[in-house]
Amino acid sequence: MFTDTVGVRPLEVNPRHYGSVFTMSDFESKVHNLYMTANFVAMEDLRLYGAITYNKAQAALDEVIMPGVESLLDGDLEDQDFTFETMPTYSDLDYELLNLQLGFEYQLSPEVTWTADGIVADLWDYAPYVFGDETGSYFVIRSGLRLEL
Amino acid sequence: MKTINIILYVGLVLLLAFSVVLAEDNETQESTILWIGSHYVDFSDYNKKIGEYLCGEDEWIPELELTYFSRSDNSIFRLDGHFHDDKDIFADARATKGDHFRLSGKYRSFIRQLGQDLLTNVEAREFFESTGNPGGKMLTHELLDPGADYDYKRQEILTEVEILLSRKNNIRFTAAHRSVLKNGERQAIANNHCFSCHLTSESADVVQRSHQIEAGLDAELAGSDIGYRFGYRVFESDAPDPVAYYDPAKHPVHGGAGAEFSSRQVFDDTSVAYSTLPRTEKTSHKVRFKRDLGQGEFASSLGYSIAKNTITDLSSEAYVGSANYAVGLSNRTRLVTRGTVTMLKADDPWIDLPTYRGGAADLNETDFDFTRYSGLDRWDLRFSAEVISRLSPRVVLYVLGGYDRVDRDDYPIWDEGTQTDKFTGQVKLRYRKGLRYSSLVKYRFEKTSDPFVSARGLFELPGYDILEPAVPVSPWIFYWQREDLRYQSITTLPTDKHVFEWRSTYRPSERYGLTIGLKGKYDKNNDLDSLDVQHFSLQPNLNINYTPDVKWTLAAGYTYSFDKSKLPITVALFDG
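In this text, all values refer to a predicted model and were calculated from it rather than measured experimentally.

Procedures and definitions
- Residues numbered from 1 in each chain as written.
- Chains lettered and ligands numbered in written order.
- Predicted model: local features only at pLDDT ≥ 70, side-chain atom pairs only at ≥ 80, totals over all residues.
- Heavy atoms only, no water.
- Salt bridge = Lys/Arg side-chain N within 4 Å of Asp/Glu carboxyl O.
- Buried < 20%, exposed > 50% of the residue type's maximum accessible area, 1.4 Å probe, protein only.
- Helix = DSSP H or I, 4+ residues; strand = E, 2+ residues; numbered from the N terminus.
- Patch = residues over 30% accessible without salt bridge, like charges linked within 9 Å, V, L, I, M, F, W, Y side chains within 5 Å.
- Areas by Shrake-Rupley, 256 points an atom, 1.4 Å probe, with all protein chains shown as cover.
- Lys, Arg positive; Asp, Glu negative; His and termini not counted.
- Charge placed at Lys NZ, Arg CZ, Asp CG, Glu CD.
- Phe/Tyr/Trp six-rings, centres within 6.5 Å; stacked < 30°, edge-to-face > 60°.

Enquirer: So what's going on with the pattern of salt bridges? Residues and values would help.
Expert: A side chain of one charge can pair with a side chain of the opposite charge when the charged atoms of the two come close. Counted according to the given criterion, the structure contains 39 salt bridges over all chains. The shortest N-O distance in the salt bridge between Glu 156 of chain B and Arg 154 of chain B comes to 3.0 Å. Accessibility assignment for this pair places Glu 156 of chain B and Arg 154 of chain B in one class, buried. Of the charged contacts in the structure, one is a salt bridge between Glu 501 of chain B and Lys 442 of chain B, with a shortest N-O distance of 3.7 Å. Linking Glu 501 of chain B in strand β26 (residues 496-509) with Lys 442 of chain B in strand β23 (residues 437-449), this pair joins segments that are 59 residues apart in sequence. With respect to class, Glu 501 of chain B is no different from Lys 442 of chain B; both count as buried. It is possible to trace a salt-bridge network through shared partners that takes in Asp 26, Glu 28 and Lys 30 of chain A together with Lys 564 and Lys 566 of chain B.

Shown next, in the form of structure tokens:
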């Protein structure tokens, strides 16, 4: 497969390698984790419980400011852009995750207990990149009988 | 291993454990708790991230949990099981018969969902600002399986048995087995260069097997504990390797071919298997020895292992020896010393490259073949001594000093290795006032000389003038020639490292509890010329328990993690 030849320059016979440039930058990540749980014995045969967890994670690279490359290029590559403005965005991460659980256990008899609980989870992706927008959610409902034989 | 075989295997272990434990026991106490229910799962939007380890269907699926416990005069049997669905199953059975027999078996399966790298970050094209037109050199990508649903099912089986063979000398046989099986699909990405610089993505099967066994004997002889362990582990993939077509070697814009291009590609105009996995085997032997020595206790071990990739016929060997000695210096002070010596030796593969400019009309060829000497080859010595002293009934002081030395044989240059020395000092103080208050404070400092660095260099010097003598008639610079242009050692490992930790727990009554803590770390490398590589992290945390009355139990906690790194970023500059 040929690549598009729009704007092709004549075949270069004097390719050049100009070395490299570098700069220092800071990479920061901040993660918050919060949880709360509660158990409540409402009646002798009824127990309620709940839990909430919250996670917020952010990470980013500072702006990348490269030194000027003109002295290395000696007038060559004047069409090229060496500002690297979008480079820091490659590593941006920004997530929020919320998980909420509520449930109960109700003792129908000394041997039989009815249980039910539900979980709702939400994830927000504020910096979609490699895998696309990963924002999503789910809920789970679960119920059954516990038999002590 | 097929599912039916796994079920039969687990069932056999359970039956064996149950029959052995209950044999000859007359009176047995039993309890069984069975949970029978159902669950319903519904996902919205993208489910691969939030449901990475949660599989489920938007329909009611039967679910089962079982706990069985049995006890008699001389034996205990316990079975815990959870059937979430046919992909997520857990079972754990343990049987103990007196002090002469113990058997356990565990099975766990779950699904892991994997996202698809959309490769959208792999897209660039030359642009001429002066004319406003795009150029012909470009980097593109192609998903051959858009919207693919990657995931794999992981199954793990673990069994352990211990049998008392003889009460005389307390001779015991132990054996363990672990298998990990993965089945599913993953993403494989092939990378084309030169004529059409692009990445392609396709689905590849996952059929991976890992089996590990360990067996040994332990005994007490003449006041000493001795033991021997044999280990064997194998990993293999039964999935066919993905195959990609590598484009002909041509100029990316003009399509011109010839030696200048073909000799720069390891593969061109051919289909080759890629994203392959090794088949590895590891065999190990270990003997241990422990006995009282003087006023203290001495323990030591010697080990040998060999690991081999049977596909490439490359192997590595390791010899490990360790010795520990712990002795009471007084009725309040104890000394614990630890030492380990490891020798690692790995094969050095020969890298066979196409002859640069091979077949060129000017016959000016250059060979870049080389031996990649392993950076694993080393002597690794670790020694530490810790003094533990009870200063008062409430205060215990720990003071530790350590020295680690890594002597590499052939890195970065064959027979001209480097040596890393690390000194460690640590002070830890524990304070406890009954059950009401306890606290811990720790500070650790590590000083490292010559930490491991990438000797190939991070930066590049301008190459055209420097390399011209190497290939005088060609203005082109080959990838492997850039090795001679590299400078500036680089590493993320520090020369100075400080670690601080504090944790306090306060329980004014049985109804309240508060734990607060802080971890901090700062490290820096002072050996990288003007590069100011450093890392800083801080992690405060708070946990509270509150039980206002017999009806309520509350708990809450918060953790914050802050990490900051200072790092160099570099870009190589080319034209052509």
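Read on, since the account is not over.
Enquirer: Any chance you could break down a negative patch on the surface for me, citing the residues and the numbers?
Expert: On the surface, a cluster of negative charge is made up of Asp 62, Glu 63, Asp 81 and Glu 85 of chain A together with Glu 129 of chain B. Secondary-structure assignment places Glu 85 of chain A in the loop between α1 (70-73) and β3 (93-109). Residue class for Glu 85 of chain A comes out exposed when judged on its relative accessible area of 66%.

Enquirer: Run through the packing of aromatic side chains, naming residues and quoting values.
Expert: Inspection of every chain in the model, using the stated rule, returns 17 aromatic pairs over all chains. Ring geometry for Tyr 246 of chain B and Phe 267 of chain B: centres 5.6 Å apart, planes at 55 degrees, overall tilted. Separated by 21 residues along the polypeptide, Tyr 246 of chain B in strand β12 (residues 243-246) and Phe 267 of chain B in the loop between α2 (259-262) and β13 (270-273) bring together distant segments of the chain. Assessed through its relative accessible area of 13%, Tyr 246 of chain B is described here as buried. Centroid distance Tyr 512 of chain B to Tyr 546 of chain B: 5.1 Å. Interplanar angle 20 degrees. Geometry classified as stacked. One end of the pair, Tyr 512 of chain B, is in strand β27 (residues 512-524); the other, Tyr 546 of chain B, is in strand β28 (residues 534-546), and 34 residues separate them in sequence. Members of the aromatic cluster, joined through ring pairs, are Phe 22 of chain A together with Phe 459 and Tyr 487 of chain B.

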